[in-house]
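Each chain, letter by letter, is given below.
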Amino acid sequence: GAVVSQHPSWVICKSGTSVKIECRSLDFQATTMFWYRQFPKQSLMLMATSNEGSKATYEQGVEKDKFLINHASLTLSTLTVTSAHPEDSSFYICSARETGKNTEAFFGQGTRLTVV
Amino acid sequence: AQSVSQHNHHVILSEAASLELGCNYSYGGTVNLFWYVQYPGQHLQLLLKYFSGDPLVKGIKGFEAEFIKSKFSFNLRKPSVQWSDTAEYFCAVTGKGNNRLAFGKGNQVVVIP
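Given the structure is predicted, the values throughout are model-derived calculations rather than measurements.

### Some remarks on a nonpolar patch on the surface
Thinking step 1. A grouping of Trp10(A), Ile12(A) and Val116(A) is seen on the molecular surface, where their side chains present a nonpolar patch of about 360 Å² in accessible area.
Thinking step 2. With respect to the helices and strands, Ile12(A) occurs in strand E2 (residues 10-13).

### Topic: the side chain of Thr94(B)
Thinking step 1. In this fold, Thr94(B) is placed in strand E10 (residues 87-95).
Thinking step 2. Excluding residues within four positions of it along the chain, Thr94(B) makes contact with Arg97(A), Gln2(B), Thr30(B), Val31(B), Asn32(B), Phe34(B), Asn99(B), Arg100(B) and Leu101(B).

### Focus on the interface of chain A and chain B
Thinking step 1. Contact with chain A, which involves 20 residues of that partner, is made by 20 residues of chain B.
Thinking step 2. Carbon and sulfur atoms make up 53% of the area that chain A and chain B hide from each other, which totals about 1600 Å².
Thinking step 3. One can count zero salt bridges joining chain A with chain B.
Thinking step 4. Put simply, chain A and chain B have two residue pairs in polar contact (both at pLDDT 80 or more) between them.
Thinking step 5. Broken down by secondary-structure element, the contributors of at least two residues to the side of chain A that touches chain B are strand E4 (32-38), strand E5 (44-51) and strand E9 (90-97) of chain A.
Thinking step 6. With four residues, the single largest contributor to the side of chain A that touches chain B is E4(A).

### Here we look at the pattern of salt bridges
Thinking step 1. Taken as a whole and assessed by the stated rule, the structure comprises six salt bridges over all chains.
Thinking step 2. The partner of Glu22(A) in a salt bridge is Arg24(A), and the shortest N-O contact between them spans 3.4 Å.
Thinking step 3. Given a relative accessible area of 36%, Arg24(A) falls into the partly exposed group.
Thinking step 4. In this structure, Lys66(A) engages Asp88(A) in a salt bridge whose closest nitrogen and oxygen atoms are separated by 2.7 Å. Placement of Lys66(A) in the loop between strand E6 (57-58) and strand E7 (67-73) and of Asp88(A) in the loop between strand E8 (76-81) and E9 is noted, with a sequence separation of 22 residues between them. Like Lys66(A), the residue Asp88(A) is buried in the burial classification.
Thinking step 5. Here the salt bridges share partners, and the residues they tie into one network are Lys58(B), Glu64(B), Glu66(B) and Arg77(B).

### Details of the packing of aromatic side chains
Residues and elements named next belong to chain B.
Thinking step 1. On inspection of all chains with the given rule, the structure shows 14 aromatic pairs over all chains.
Thinking step 2. Where Tyr25 meets Phe67, the ring centres are 6.4 Å apart and the plane angle is 35°; that geometry is what we call tilted. In this pair, Tyr25 sits in strand E4 (residues 23-26) while Phe67 sits in strand E8 (residues 64-68), placing the two residues 42 residues apart along the sequence.
Thinking step 3. Overall, the relative accessible area of 7% leaves Tyr25 in the buried class.
Thinking step 4. On the accessibility criterion, Phe67 (12% relative accessible area) is buried.
Thinking step 5. An angle of 35° between the planes, with centres 4.7 Å apart, marks the rings of Tyr50 and Phe67 as tilted. On the criterion of sequence distance, the pair formed by Tyr50 in strand E6 (residues 45-50) and Phe67 in strand E8 is long-range, its members being 17 residues apart.

The rules behind each value
- Residues numbered from 1 in each chain as written.
- Chains lettered and ligands numbered in written order.
- Predicted model: local features only at pLDDT ≥ 70, side-chain atom pairs only at ≥ 80, totals over all residues.
- Heavy atoms only, no water.
- Patch = residues over 30% accessible without salt bridge, like charges linked within 9 Å, V, L, I, M, F, W, Y side chains within 5 Å.
- Areas by Shrake-Rupley, 256 points an atom, 1.4 Å probe, with all protein chains shown as cover.
- Salt bridge = Lys/Arg side-chain N within 4 Å of Asp/Glu carboxyl O.
- Helix = DSSP H or I, 4+ residues; strand = E, 2+ residues; numbered from the N terminus.
- Contact = heavy atoms within 4.5 Å.
- Buried area = accessible area lost by both parts, 1.4 Å probe.
- Polar contact = N/O pair within 3.5 Å; in protein donor to acceptor, adjacent residues only side chain to side chain.
- Buried < 20%, exposed > 50% of the residue type's maximum accessible area, 1.4 Å probe, protein only.
- Phe/Tyr/Trp six-rings, centres within 6.5 Å; stacked < 30°, edge-to-face > 60°.

Pasting the structure below:
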């Protein structure tokens, strides 16, 4: 199947700093990518839909100034957690669906963010 | 917006036992349905999907799921589980023409050898 790569897999940062997470579709183009957050023992919560060349669509309750999303090309979306706090510590997962195809979403391996 | 319910978050069973995980969704229109699996330390992988056609869908590793439109359900089954099926299983739904995948809370399945 198609491959989605996330980087880094694990990051520790100090409170108040910003962290950027990359999501790449390696062998297909994705006009739309999705960012999820997964708390321990809970389901994936959709944070935002990232659209290539335009502004992301955020879910209710997700602060767009806190979680900056950029989707500058058909194979790359980035999520920047700005001024991170310990409560932002979580597992962030991206997914992508191939442009123009009604197929399933392919998931990255996730990024474990720990804010200390 | 679509939503998904999964019950019995923790399931413990012995090898060779049969497994059935319930999934109910709410959405007013036509749906695409998915089951994803997350093995310990690994990322989400697709088990099977339903878009249209035969409501009984067969996936990888001996799993199958049946779409029952009248019940808004898409239950996952495996007749005889193995220790390697220990994982977390997520049901997900997206409305046709709608890219948003809504996930259930997942079922943590532990298979005892």
